[in-house]
Each structure stands twice: as C-alpha cells, then as structure tokens.
Amino acid sequence: TISEQLTSTELVELLNDFLSNQTEIVIKHKGTLDKYEGDAILAFFGAPVFFEAHAKAAIDAAIEMQKNVTELTKKWRNDEIKNWPQLVHEMKMRIGINSGEMVTGNMGSKHHMNYTMMGDVVNTAARLESSAKQYGIFFHTTEETLQNTGSKDYLWRYIDRVQFVGKTVWHQTVEVLGYKNKMNKQAISMVENFNKGLEHYYNQEWDKAIELFSKSNEHETNNGEEDINPSKVFIKRAEEFKQFPPR
C-alpha cells in the first residue's frame, strides 16, 4: 500500500533508511543478518558463534527495533523536504521470534551459496510474524522462547494456543510489550485483566471472561472501531462459545 504512493526512488530511499537503522540494532545485540526479503529482515542469534543468552538478545533487539520504528516515523513526519504520505507517518512493524535447534551454514548451488538458516524452528518464526496480524499485535513469540530469557524483565501476556497449517504440534504463543520497569499502569492493568480473562475462558466461564476481556480492551493500543486486538478476538470467541458451547 505504501509503495503505491511512492516513486521507485522514494521507496528505495525509505527502505534503505528503515533497513539500515534496524539492522544496526540486530548487530548491536550480536545478531547475524541472514537476508532482506523486500521490506523484511531475517536474522538469527547464537550462530555462527554460539552464546547462551541468544533468546534474550533476540527479544531485547526486537523491543529496541519497535521503539526505533516510532522514532523513525517521527523523523519522517518532520521531514519537510520529502513530505512523506500519511501511511509512512503511521508505519508499523511485526516481529516473530522463535528459538530452538536449526541448521546454519553455506547453502545453495555450486555456483552460488549463502550463509543462512533452515529448519522447522525457522518456519515457525515466520508463521509467528504473519499470524500476529490476526490478533492485532506486533511482537509474537512462543512461551518457550520467553522462558529461555528468564522472562522476569518483560511485561508480556499469553496470546493463544496455535497450531499452524501443516504442523502437528501446537505452540503457546505470547506477546511481549516491553520492559516491565518502563511500562505504564494502563499496560500492566491490561495484561493482568487479559490473563485473568484467559483463565476463565479456558474454564468455559464465558461471562466472566467477557467481563475481564472488556476491561483489558479499554487499555488496548489498537482500540479503534475497525481495529483488531487480542481482547476483541477473545470477546468474540467467548460470545460464540456461549451461544454454541464447545464439546
């Protein structure tokens, strides 16, 4: 949608600015840049040189990258020379993170090779990024990945038990909102109400779940009439299950 409103030269300039800033953050946190796919950055942590805290490094990088997007949009808004369209001023970015064993190495043909990553873990990370859109969130990871960091430094909430298409195993996914000591009271209240709502939801106590999700919805950042957010997703599900109970 953004590219429709820009010339090819403007699009390249915008992407180079975005990718340069974000890649510096990845490298700062000991990440390895795999490749760029259009406007997407693929990176991994803990290879070629392994280090224990690779999951924490990935999550810390992601938090800083989300903060940096906000700073970039402010810069683009104040750019009087370029006069970027409104969509650029409001640009958002989704991140998917997963951890586990994968293969890294030189892969390709005898004519051309890239040092890259492969494996089911990598595929799941890509699915986490794309599925974040269905919940209206921008940072989607697995509970296992978060547990590998110790999780005490972050404000986070459970999102869903997800089985991706073509997979036989489900994952408990979570959203990381940022560092616990830097979050406001509204965000903390939202997470508390949302997680309590999930408990009632899984116990099939639909009315209580809807009440708590409605409270968490008051503090969701995506709360326009057309917006999707996790609270709205689970209010809708609970209302449907109330009418047509699950087996």
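If you're wondering where the values come from, they're calculated on a predicted model, not measured in any experiment. (Residues numbered from 1 in each chain as written. Predicted model: local features only at pLDDT ≥ 70, side-chain atom pairs only at ≥ 80, totals over all residues. Heavy atoms only, no water.)

A short note on the overall build of the protein
Looking only at helices and strands, one finds eight helices and eight strands in the protein. In terms of overall dimensions, the protein is globule-like: its C-alpha atoms have a radius of gyration of 20 Å, near the 18 Å expected for 247 residues. Dimensions of the protein along its principal axes, counting C-alpha atoms only, are 60 × 45 × 35 Å. A buried classification covers 42% of the 247 residues belonging to the protein. For the protein, restricting intrachain contacts to residue pairs at least 6 apart in sequence, the fraction spanning at least 24 positions comes to 58%. Of the charged side chains in the protein, 29 are positive and 35 negative, and the gap between their average positions amounts to 3 Å. (Helix = DSSP H or I, 4+ residues; strand = E, 2+ residues; numbered from the N terminus. Rg over C-alpha atoms; globule rule 2.2 N^0.38 Å. Buried < 20%, exposed > 50% of the residue type's maximum accessible area, 1.4 Å probe, protein only. Contact = heavy atoms within 4.5 Å. Lys, Arg positive; Asp, Glu negative; His and termini not counted. Charge placed at Lys NZ, Arg CZ, Asp CG, Glu CD.)

Description of the sheet that holds strand S6 (residues 139-142)
Within a sheet, adjacent strands bond to each other through the backbone by hydrogen bonds, running parallel or antiparallel. Across the sheet, which stays open at both edges, the four strands sit in the order S3-S6-S8-S7 with mixed pairing between neighbours. Edge positions in the sheet fall to strand S3 (95-97) and strand S7 (154-162), since each has one partner strand and no second. The sheet shows a mean angle of 25° between the axes of neighbouring strands, taken without regard to direction. Alignment of S3 against S6, held across three bridges, turns out to be parallel. Considered in S6, the bridge of Ile-97 is made with Thr-141. The strands that helix H2 (residues 54-77) touches are S3, S6, S7 and strand S8 (171-179); relative to S3, the one it contacts most, it runs at about 175°. (Pairing = 2+ DSSP bridges. Axes fitted to C-alpha atoms, helices over the stretch in contact; angles between N-to-C directions.)

Some remarks on the environment of Gly-46
Relative to the elements of secondary structure, Gly-46 occurs in the loop between strand S2 (40-45) and H2. The buried category is assigned to Gly-46, whose relative accessible area is 14%. For the pair Gly-46 and Thr-73, spaced 27 residues apart in the sequence, the C-alpha separation amounts to 31 Å. Excluding residues that lie within four positions of it along the chain, Gly-46 makes contacts with Phe-51 and His-54.

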